[in-house]
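One-letter residues, chain by chain:
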Amino acid sequence: MVIGNGLLVWIPLWPLLGFVVVALLVKRLSHAQVTWIACGSVALAFTLSVILAVGQFTGGAPIKQNLYTWIQSGNFSLEFSFAADPLTAVMLLIITGVGLLIHIYSVGYMHGDDGFNKFFAYLNLFIFFMLLLVLGSNYLVMFAGWEGVGLCSYLLIGFWFKHPSYNQAANKAFIMNRIGDLGLILGVMLIAINFGTLDMATVANKAAAMDTPTLTIITFLLFVGAMGKSAQIPLFTWLPDAMAGPTPVSALIHAATMVTAGIYMIARNNVLYSLSPVTMMLVVVVGLATSIFAASIAITQNDIKKVLAYSTVSQLGLMFVALGVGAFDAGIFHMGTHAFFKALLFLAAGSVIHSLHGEQDIRKMGGLKSSLKLTHATFLIGVLAISGIPPFAGFFSKDEILVAAFDYSPWIWAGALLASWMTVFYMFRLLFLVFYGEPRQGVTRITHLHDAPQTMAIPLIILAFFSVVAGFFNLPELLGGSPWLAHQLTPLFELASRLNPPAHTEGIEEYILMSVVLLGSISLIVIAHQRYVTRKNIPAKDGQIRGLAHEMSYQKYYVDELYETMVVRPLFWVSSTTNRWIEVGGINTMVNGIGEGVVGAGKLLRRVQTGSIGYYLFIMVGGILAILAAHYWTIVN
Amino acid sequence: MIILLLIIPLLTSLVVVLLSPEKARNAALASSMVNLLLTLGMLVGQDGTSATVDVQWIPSLGIRFSLAMDGISFLMVLLTNLMMPFIIGSTDIDKNYPSSFYSLLLFMQMGLLGVFTAQDGFLFYVFWELTLIPIWFICLIWGGENRAEITLKFFLYTLTGSLLMLVALIDVYLNTPGNHSFQLADLITAGARLDEVEQGLIFWALFLAFAIKIPIFPFHSWQPDTYSSAPTTGTMMLSALMLKMGTYGLIRWLLPLVPVGVQMWGNVAMVMAVIGILYAAGLALTQKEFKRLLAYSSMSHVGLIAAGSLTVSTMGIQGAVFQMFSHGLIVFGLFYVVHLISKRASFKTLQDLGGLRNTAPQLATSFLLLILGSIALPLTSGFVGEYLLISALVKHNFWIGAAAGISIILGAVYMLRTFQITMSGDVTSVAQHFSDLTTSEKLILYPVIGLILLLGVFPAPLLSITESVANQIVVQSGNLINLTP
Amino acid sequence: MMPVTHYIWLSLALFSIGVLGVLFRRNAIVIFMCIELMLNAVNLLMVAFSTYLQDAAGQIFVFFIMAVAAAEVAVGLAILIIMYRNTRTTDIDVLNRLKW
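These figures come from a predicted structure and were not determined experimentally.

Visitor: Any details on the interface of chain C and chain A? Residues and values, ideally.
Guide: Counting from both sides, the interface comprises 12 residues of chain C and, opposite them, 10 residues of chain A. Looking at the side of chain C that touches chain A residue by residue, the classes come out as 7 nonpolar, 1 polar and 4 charged.

Visitor: I'd like to hear about the nonpolar core, residue by residue, with values.
Guide: Grouped together as the largest cluster of nonpolar side chains are 413 residues, with contacts concentrated most on A:V321, A:A343, A:L344, A:A405, A:A416, B:L206 and B:F332. Ignoring anything within four residues of it in the chain, the contact list for A:A343 reads A:V98, A:I102, A:A251, A:L252, A:A255, A:A256 and A:L463. In this structure, C:V22, C:A28, C:I31 and C:F32 belong to the second largest nonpolar core, which totals 5 residues.

Visitor: Before we move on, can you summarise the packing of helix α14 (residues 304-324) of chain A against helix α18 (residues 410-435) of chain A with the specific residues and values?
Guide: Residues and elements named next belong to chain A. Where α14 contacts α18, the two axes come as close as 11 Å, and the packing angle between them is 160°. The orientation of α14 relative to α18 falls into the category roughly antiparallel. Regarding α14 and α18, the two cross each other, and that crossing is left-handed. Mapping the contact onto sequence places I304, V307, S311, S314, G317, L318 and V321 in α14 and I412, A416, A419, T423, Y426, M427, L430 and V434 in α18. For the contact of α14 with α18, the per-class residue count stands at 11 nonpolar, 4 polar and no charged.

Visitor: With reference to specific residues and values, describe the interface of chain A and chain B.
Guide: Contacts between chain A and chain B engage 41 residues on the former and 40 residues on the latter. Classifying every residue of the side of chain A that touches chain B by side-chain character gives 22 nonpolar, 15 polar and 4 charged.

Visitor: Got a sec to walk through the environment of A:S370? Specific residues and values, please.
Guide: When you line up the elements, A:S370 lands in the loop between α15 (328-355) and α16 (373-387). Considered as a pair, A:S370 and A:Y436 are 66 residues apart in the sequence and their alpha carbons are 8.8 Å apart.

Visitor: If you had to explain the packing of helix α2 (residues 28-53) of chain C against helix α3 (residues 57-87) of chain C to someone new, which residues and values would you point to?
Guide: In a packed pair of helices, the relevant descriptors are the angle between the two axes and the axis-to-axis distance. All names here are of chain C. In the contact formed by α2 and α3, the axes pass within 9 Å of each other and the chain directions differ by 175°. Looking at the two axes, α2 sits roughly antiparallel to α3. Contacts between α2 and α3 pair A28, I29, F32, E36, L39, N43, M46, V47, F49 and S50 from the former with G58, Q59, F61, V62, I65, M66, A69, G76 and L80 from the latter. In the contact of α2 with α3, the residues fall into 13 nonpolar, 5 polar and 1 charged.

Definitions and limits used
Along each chain, residues carry numbers from 1 onward, in the same order as the chain's sequence is written. To read the labels, note that chains go from A and ligands from 1, taken in the order they are written. The predicted origin of the model limits local features to residues at a pLDDT of at least 70 and limits the giving and counting of side-chain atom pairs to 80 or more, whereas totals for whole chains, interfaces and linings rest on all residues. Think of it this way: build a C-beta for each residue from its backbone, and any pair within 7 Å is a contact. Residue type decides the class: Asp, Glu, Lys and Arg count as charged, Ala, Val, Leu, Ile, Met, Phe, Trp, Tyr, Cys and Pro as nonpolar, and the leftover types, Gly among them, as polar. In this description, a nonpolar core means buried residues of the types Ala, Val, Leu, Ile, Met, Phe, Trp, Tyr and Cys, linked to one another by C-beta atoms lying within 7 Å. Residues with at least 20 other C-beta atoms within 10 Å of their own are called buried, those with 12 or fewer are called exposed, and the rest are partly exposed. The C-beta atoms themselves are positioned from the backbone. For helices, the fitted axis covers only the stretch in contact; all axes are lines through C-alpha atoms, and the angles between them, taken along N-to-C directions, range from 0 to 180 degrees. We count a stretch as a helix when DSSP gives it H or I for four or more residues in a row; a strand needs E for two or more, and each element gets its number in order from the N terminus. Oblique is the label for any angle not under 35 degrees, not over 145, and not in the 65 to 115 range, which are roughly parallel, roughly antiparallel and roughly perpendicular in turn. In this scheme the handedness of a crossing depends on how the near helix is turned from the far one: anticlockwise by less than a right angle means left-handed, clockwise means right-handed.

Written as structure tokens, this is what we have:
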């Protein structure tokens, strides 16, 4: 079945309509009505996406739909237009599919919250902007979605706006994203100036004729945007703070979809990136550094959501490594599997938090295995998937990245391996501390532990199912499969792979790599079990940190503090100093000084005005005589 | 037709003084609505370009009373006539001498329309000065603390600028052939023939006049004081409409007049404008007073308009005009929100407020939408303007463009900070007895927000109006490289 | 026919008397009268030249000057009377409060 061009617009339109209806009638609609409108609109978008995806995956040509001319100035003309190809289709399925599940989950999770209706309005708006981001056929439409999801992220992080710290986190997220967005929009402007168009397909076609320095600058600026949105060094600190939002939001926006926008954008621009090796190298370095850095922080965190947040940052770093080494399909593949298992982990974590009435400290949990059976089972699947244990989804996607990294350089491979081993360790640490061992105070406090209600359970089960099987969409040939996803994406990355031909590690070598990874992982699981289950090694209280490395990791390397002292405070210091010394003390004083100077001169001059009439008359006559004399003098000469 | 636009507010303003407050308000509203309808009629009719008035005024000096509208003028006229009903509607009736207040507003409307349509340099100057009279009374009679000093400062500033403008115009006028003429077209021909030095001098004289009005760093120190001391309606007039006189003058009366001067000094002026953008945005970060913060924010935005126009490119000029329109809407909305808050609760600094989202969610949402427009989020009108402007700047010089772009980060910082302080958090004592928007307030706020969103999604109609004029100005200023037919 | 120089000398003399009176007298009324003297000196000169040049314009000006002078006298004397009522003096050295 092939979807007609005209239907493309309806995919984002349904969530938009859902948002408009709920937002306008936010006070009048009942929770049940909102549930139906919000979930229904996303379900419709999902259905359309499935139809579209089937068309694209069965060999349908990429489709494009122009809506109208958005901005026109001189010869710069920009259509508001959508386009879809297999990459878009993959993104659409993830966004609407995972989005729908999280909508359903949220019905249970947000049950009884005052802001129920508002929450779903924001969620629908988010889906709309996310769809705009991936469907946009030119950079500016993509940018509109890009900033729009940032807005929704801002609104949803600060959803419980009475807490000052939540608002702080929301502001931080928006502003850090804005820093990236500035890079992105400057890159987009340079594209418009150098290519004369913003249409992505046209730009990709013309790219080969463009000189490398220009492309390097453009891709670098675009990558700055990706750093912000996908939380890479140095713009990553907003993502852990973003966990202030409701857990479904963390799952949808800050794990499965929005933060992967950077991956999507680079994959979309694979031609430009392939043509600028310098930026590619930068992508690898930044991705790898972020991956290791964030994983090392995750090891010592005690907030269940913070661990997952740093894990997300780390996994995103791995995806960037994949993109940077030229394995675009591996990056997209990992993005897809990650969307499933990370959303699953967050939702399961949400279920834990929900049943513990908001407790998030894993030091106070434990022994939940027996009371939250379903949550435990699904969380376990998620942990196995992210740790890359076969045959769960994460194994295949991560393996591909590692192989590609090995092809690129063994050092990069070693770094990525380190990151994924750390992942195994902190994920199992999390699992053991939450679900195994003895119940601790946060659990014993609650008399009746309820497992997830039905609306929350169904999404968990579905996501768990996909976390198991998603890997088979791209089974490597080595293991007797055919890489279906890679095959679908081939035409897109054709040029890129021609430029950087993949010298694929094959056969026995790949088996060895796999075994190394697996052996390490399994031994780490055993170690984690030893520490956190057998020895009941509960993380120390905040005050009892041992050793510098532990301290640094626990304090997140003081990056927040560093930014605070290096950027935030100097900025405000400059602002208030400028206000005092330049604005008030300098310019204002100078301007007032001119005024006062005039007044002062007047004060001096007014002494001439004595008030004595005789004096005035003398001056007057004297003046007349002087004029006459001067006149006479000119005549004489 | 075009003369009607001026006569209606003028006559109404004379009549309104004599009426009772209620009637005065209604008459003023009615008059402004008629003007708006007339303008819209021109839009539907024929771009409004054909309506002209051109009669002898002072024949011995070659001064003509000539008014005409091209695309840029038309957008400014539309903005003025669109904002007036909102501004009049947002004015409280319970003040001293309300009838006179409405009368002054209408008189000012007449002056503004004259500025935006005058085709004769002398006439332009006369209207330019005429607009000062009503704003002087408005600031002085209905202003806040220290109004006398602040108004004096404001006036000395702007009169200095006007004087320089007059000198520059007369200088070009004396270089017109034969009996001399103040007609814009003649001035353009004469200006282009002047030598480098003279063009440079004229450039600076005119630029100073407009820079003070806009205002551009470092000629801005009248603005924050005046904005915070003037009554909110006055601030709206100043920020939404009057400062557009400066940017409009820059585009219409400076760029084409002295092409060589612009080429020589345009970059210096542009750098000044960009410094101003960052300077004002930086100062906005730590402002404690609401109106003062918005004043700096507005200065930061209009600095970008000025910088963009100075690129003398089609995109820059079109972006500037579009952004002038959009800025008018947004800044009106922002000041209206401040007005609504101060009407409900007395507060001095931002810190006195807090938690308004709890008690007045509609007000908070409206404020948020306006902020989004102000920080140029895509699909709001602010984005279209800023994109075109920054794009033009990047094309002109990447680093200038990038520096100007930093303001979109700083803008987000100070605006979201403001939103957080005033709207989020726990309910403070001020916010406790806060009522949400009333119907009449919604009638003013919602259409403005609607327009901001609409123009963000469908900006093309407004852009197409200005395209040919923007091209023409680029041609006149001899900057053929930047012409994009 | 008297030569025009006589008239010139006469009006010059009258004018100088007026100027010196204005400069050296302290009584406001006297000063005022001296001003009138100066005006009339000029009038005399105008009439003389008018006749000499056979041009009526000079005489017309004289009428104007006389009319203005009359108006001026009315206003000036009125001011002086008011001043006198307030200060009981017409001495200009006493009337020196018109200053900053």
